[in-house]
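So the chains spell out like this:
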Amino acid sequence: VYPRAIEAGEPVIAHIAKGNWHEMSTLARYFEASLLLMRKERRTLLSGENCSIEEGAVLEDSVLWDNVTIERGAVVRESVVGSGVRIPRTALIERAIVVRRNSVSEVERGEIVGDNLIVPF
């Protein structure tokens, strides 16, 4: 992107900041940045407000947004679970982003399972 902009004579502006910066233009990059933060804090789970994780659910290296329910027996590994999602007891979610189906107007890729859209990365 930058070399083409420079060749075209377009202005390229930069900001030099102190501290960490992560480029999160893809689902995988968002997850990797979240994973780095979790590991820095020696955590395996980041969870938002009002999340319900039933006893017997397995969660590893994952991010839960607000109002997420993970039922007993469900397995969620290396994934991001969006707000309001319910992961049923039979689910195995690995390296995926899960959002409520009704939060997406068009589905380019992924699989609709119940009320959820599951997009692997």
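Let me sum up the structure you'll find in this document.

### Quick notes on the environment of Glu 41
By secondary structure assignment, the location of Glu 41 is in the loop between helix 2 (27–40) and strand 1 (45–47). Classification of Glu 41 as partly exposed rests on a relative accessible area of 40%.

### A closer look at the pattern of salt bridges
Per the stated rule, a full pass over the model turns up eight salt bridges. Between Glu 32 and Arg 95 there is a salt bridge, with the nearest N and O atoms lying 3.7 Å from each other. Taken together, the positions of Glu 32 in helix 2 and Arg 95 in the loop between strand 9 (92–94) and strand 10 (96–100) put the pair 63 residues apart, joining distant regions of the chain. Arg 77 serves as the salt-bridge partner of Glu 60, at 3.0 Å between the closest nitrogen and oxygen. In this pair, Glu 60 sits in strand 3 (residues 58–60) while Arg 77 sits in strand 6 (residues 75–77), placing the two residues 17 residues apart along the sequence. The exposure class of Glu 60 is partly exposed, given its relative accessible area of 35%. Taken together, the shared-partner salt bridges in this structure form one network comprising Glu 32, Glu 78 and Arg 95.

### Thoughts on a nonpolar patch on the surface
A surface patch of nonpolar side chains, amounting to about 460 Å² of accessible area, comprises Val 1, Tyr 2, Ile 6 and Val 12. On the secondary structure map, Tyr 2 appears in helix 1 (residues 2–7).

### Considerations on the side chain of Ser 34
Take Ser 34: it is sitting in helix 2. For Ser 34, a relative accessible area of 8% puts it in the buried group. Once you skip the residues sitting within four places of it in the chain, Ser 34 turns out to touch Leu 46 and Val 63.

### Let's talk about the packing of aromatic side chains
Scanning the model with the defined rule gives two aromatic pairs in all. Between the aromatic rings of Tyr 30 and Trp 65, the centroid separation amounts to 6.3 Å while the plane-to-plane angle is 85°, which identifies the pairing as edge-to-face. On the criterion of sequence distance, the pair formed by Tyr 30 in helix 2 and Trp 65 in the loop between strand 4 (62–64) and strand 5 (69–70) is long-range, its members being 35 residues apart. Judged by relative accessible area, which is 26%, Tyr 30 ranks as partly exposed. Between the aromatic rings of Phe 31 and Phe 121, the centroid separation amounts to 5.2 Å while the plane-to-plane angle is 45°, which identifies the pairing as tilted. Within this pair, whereas Phe 31 is found in helix 2, its partner Phe 121 is found in the segment after strand 12 (116–120), the two being separated by 90 residues in sequence. Its relative accessible area of 0% is what places Phe 31 among the buried residues. You can call Phe 121 partly exposed: its relative accessible area is 23%.

Procedures and definitions
Residues numbered from 1 in each chain as written. Predicted model: local features only at pLDDT ≥ 70, side-chain atom pairs only at ≥ 80, totals over all residues. Heavy atoms only, no water. Helix = DSSP H or I, 4+ residues; strand = E, 2+ residues; numbered from the N terminus. Buried < 20%, exposed > 50% of the residue type's maximum accessible area, 1.4 Å probe, protein only. Salt bridge = Lys/Arg side-chain N within 4 Å of Asp/Glu carboxyl O. Patch = residues over 30% accessible without salt bridge, like charges linked within 9 Å, V, L, I, M, F, W, Y side chains within 5 Å. Areas by Shrake-Rupley, 256 points an atom, 1.4 Å probe, with all protein chains shown as cover. Contact = heavy atoms within 4.5 Å. Phe/Tyr/Trp six-rings, centres within 6.5 Å; stacked < 30°, edge-to-face > 60°.

Take it as geometry only, folks, not as evidence of what the structure does.
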